Amino acid sequence: QVQLVESGGGLVQAGGSLRLSCAASGSRFSINRINWYRQAPGNQRELVAGISVARGSTNYTDSVKGRFTISRDNAKNTVYLQMNSLTPEDTAVYYCNALYFRTVVGLFDSSWGQGTQVTVSS
């Protein structure tokens, strides 16, 4: 199974920036896609951004387009989420999610990180 560890969350003022990291580890897997989700108190978890590990193609939810950038470093098995022009509405726990292929059993699977808190003050 793939293990994911997020880092980079914290407290920032509105208009500021943060960069989240998601590091993947494990054995006998091939990651297809990594997504960033977020969940604010009382809200459902929502997809923020995603990236194809092989092709590098990306997608974003409308509310973060032009402000957030997702990227990957395949050599480090790490995906980043650069968040600029943050607003209080971006406050949430951010989770990393990997969709991967388990090469031994020939099945697709999914893993989640533990989450990292992002708080944007006004």
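Before reading further, recall that the structure is shown in the block above.
Residues numbered from 1 in each chain as written. Predicted model: local features only at pLDDT ≥ 70, side-chain atom pairs only at ≥ 80, totals over all residues. Heavy atoms only, no water.

Q: Could you give an account of the sheet that holds strand β7 (residues 68-73), naming the residues involved and the relevant values?
A: Ordered by their spatial adjacency, four strands build an open sheet running β1-β3-β8-β7, and the pairing between neighbours is antiparallel. Each end of this open sheet is capped by a strand with a single partner; those strands are β1 (3-7) and β7. Strand after strand, the sheet turns through a mean of 15 degrees between neighbouring axes, direction not considered. Pairing between β7 and strand β8 (residues 78-83): six bridges, direction antiparallel. When the bridges of β8 are listed, Ile70 appears paired with Leu81. (Pairing = 2+ DSSP bridges. Helix = DSSP H or I, 4+ residues; strand = E, 2+ residues; numbered from the N terminus. Axes fitted to C-alpha atoms, helices over the stretch in contact; angles between N-to-C directions.)

Q: Lay out the pairing of β1 in plain terms, naming residues and giving numbers.
A: Alternating positions in β1 separate cleanly, Leu4 and Glu6 being buried on one face and Gln3, Val5 and Ser7 remaining unburied on the opposite face. Sheet topology note: the β1/strand β3 (residues 18-25) ladder contains five bridges and is antiparallel. Bridge pairing links Glu6 to Cys22 in β3. (Buried < 20%, exposed > 50% of the residue type's maximum accessible area, 1.4 Å probe, protein only.)

Q: Please give an account of unusual backbone geometry that cites residues and values.
A: A positive phi angle is found at Asn77, which is not glycine, with a value near 50 degrees. Positionally, Asn77 belongs in the loop between β7 and β8. The exposure class assigned to Asn77 is partly exposed, which follows from its relative accessible area of 39%. Its identity as a non-glycine residue notwithstanding, Ser85 has a phi of 50 degrees, on the positive side.

So far we have only geometry, and geometry alone does not tell us how the molecule works.
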